[in-house]
Amino acid sequence: MPEKQTLQRARQAKRAGKRPTTQASEFVREEMHHLKEGKHGKESREQAIAIGLSKARRAGVALPAPKPGQAKRKTRRSAQSALRLGQREGELSESKRASPRRATTTRGAKKSPRAAAAGRTGRAKTASRAGASRRGSSTARSRSSSRTKTKK
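Below: a short report on this structure. (Residues numbered from 1 in each chain as written. Predicted model: local features only at pLDDT ≥ 70, side-chain atom pairs only at ≥ 80, totals over all residues. Heavy atoms only, no water.)

1. Some words on the overall build of the protein chain
Within the protein chain, the secondary structure is distributed over eight helices and zero strands. Residue burial in the protein chain is summarised as follows: out of 152 residues, 22% are buried. Contacts spanning at least 24 positions in sequence make up 54% of the contacts within the protein chain whose residues lie at least 6 apart. Put simply, the protein chain shows about 11,900 Å² of open surface, and 52% of that area lies on carbon and sulfur atoms. (Helix = DSSP H or I, 4+ residues; strand = E, 2+ residues; numbered from the N terminus. Buried < 20%, exposed > 50% of the residue type's maximum accessible area, 1.4 Å probe, protein only. Contact = heavy atoms within 4.5 Å. Areas by Shrake-Rupley, 256 points an atom, 1.4 Å probe, with all protein chains shown as cover.)

Written out as structure tokens, the structure is:
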């Protein structure tokens, strides 16, 4: 979710009649700051730009998807999807609702007998136990020592 200040700047640019790329530059600027702060871990400038453009499209900036040959097919489709979502939700809107399918699924999951059988803490304990068994009983130390032995 973009910061309020970023949305305000983008709205201001739209009111001033600036092009969609100028409106989107506010979102890219925000992502560049995140990159410098180390918010997303190790990330390239190209990734920050791509994330910023995607956020802009989802926020309602009418920034077209790249043309065929400019970007990978997957990237183009992702951009088209983000643009559709942003245009459907309205111009630079702040509130986003879940898609009807997702909302229905969530509602169904909450009503399922498994969810009702145990409380939140009970489900959390079960999940953590299941995760522990999947990870196996070996510790990090034993794994590293076995790796050292194989090298010799």
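2. Here we look at helix 2 (residues 20-37)
With 18 residues, helix 2 ought to run about 26 Å at 1.5 Å a step, and its terminal C-alpha atoms sit 26 Å apart, in line with that. Of the residues making up helix 2, those classed as buried are Gln 23, Ala 24, Glu 26, Phe 27, Val 28, Glu 30, Glu 31, Met 32 and His 34. Those residues of helix 2 that are buried are in contact with helix 1 (4-15) and helix 3 (45-59). Trailing helix 2 by a residue or two, Gly 38 shows a phi angle of about 80 degrees, which is positive. (Expected span 1.5 Å × (residues − 1).)

3. Looking at the side chain of Arg 57
By the secondary structure assignment, Arg 57 is in helix 3. The charged side chain of Arg 57 is buried without a salt bridge, its nearest counter-charge being Glu 31 at 13 Å. When sequence neighbours within four positions are dropped, the list of residues in contact with Arg 57 reads Leu 63, Pro 64, Ala 65, Pro 66, Ala 79, Ala 82, Leu 83 and Gly 86. (Lys, Arg positive; Asp, Glu negative; His and termini not counted. Salt bridge = Lys/Arg side-chain N within 4 Å of Asp/Glu carboxyl O.)

4. With respect to the nonpolar core
Residues Leu 7, Ala 10, Ala 24, Phe 27, Ala 56, Ala 59, Val 61 and Leu 63 constitute the largest nonpolar core, which totals eight residues. Of all the secondary structure elements, the ones that give two or more residues to this core are helix 1, helix 2 and helix 3. (Core = buried A, V, L, I, M, F, W, Y, C linked by side-chain atoms within 4.5 Å.)

5. Here we look at the pattern of salt bridges
Counted according to the given criterion, the structure contains three salt bridges. Across the pair Glu 26 and Arg 9 runs a salt bridge whose closest N-O atoms are separated by 3.7 Å. Of this pair, Glu 26 sits in helix 2 while Arg 9 sits in helix 1, placing them 17 residues apart in sequence. According to the relative accessible area criterion, Glu 26 is buried, its value standing at 17%. For Arg 9, a relative accessible area of 28% translates into the label partly exposed. In this structure, Arg 29 engages Glu 26 in a salt bridge whose closest nitrogen and oxygen atoms are separated by 3.9 Å. Taken as a pair, Arg 29 and Glu 26 lie in helix 2 at a separation of three residues, close to a single helical turn.

6. With respect to helix 5 (residues 100-111)
The end-to-end C-alpha distance of helix 5 is 17 Å, a good match for the 16 Å that 12 residues give at a rise of 1.5 Å each. Of all the 12 residues making up helix 5, zero are buried; the element is thus mostly uncovered.

7. Notes on the packing of helix 1 against helix 2
Helix 2 packs onto helix 1 with a crossing angle of 160 degrees between their chain directions and a minimal axis gap of 8 Å. Judged on the interaxial angle alone, helix 2 and helix 1 are roughly antiparallel. Crossing angle aside, the handedness with which helix 1 passes helix 2 is right-handed. Judged by residue contacts, Thr 6, Leu 7, Arg 9, Ala 10, Ala 13 and Lys 14 of helix 1 engage Gln 23, Glu 26, Phe 27, Arg 29 and Glu 30 from helix 2. Class assignment of the residues belonging to the contact of helix 1 with helix 2 gives a composition of four nonpolar, two polar and five charged. (Axes fitted to C-alpha atoms, helices over the stretch in contact; angles between N-to-C directions. Parallel < 35°, antiparallel > 145°, perpendicular 65-115°, else oblique. Left-handed = near helix turned anticlockwise from the far one by under 90°. Nonpolar A, V, L, I, M, F, W, Y, C, P; charged D, E, K, R; others polar.)

8. Things to note about the environment of Thr 104
In this fold, Thr 104 is placed in helix 5. A polar side-chain atom of Thr 104 sits 2.7 Å from the main-chain carbonyl oxygen of Pro 100. (Polar contact = N/O pair within 3.5 Å; in protein donor to acceptor, adjacent residues only side chain to side chain.)

Keep in mind these values describe shape, not function.
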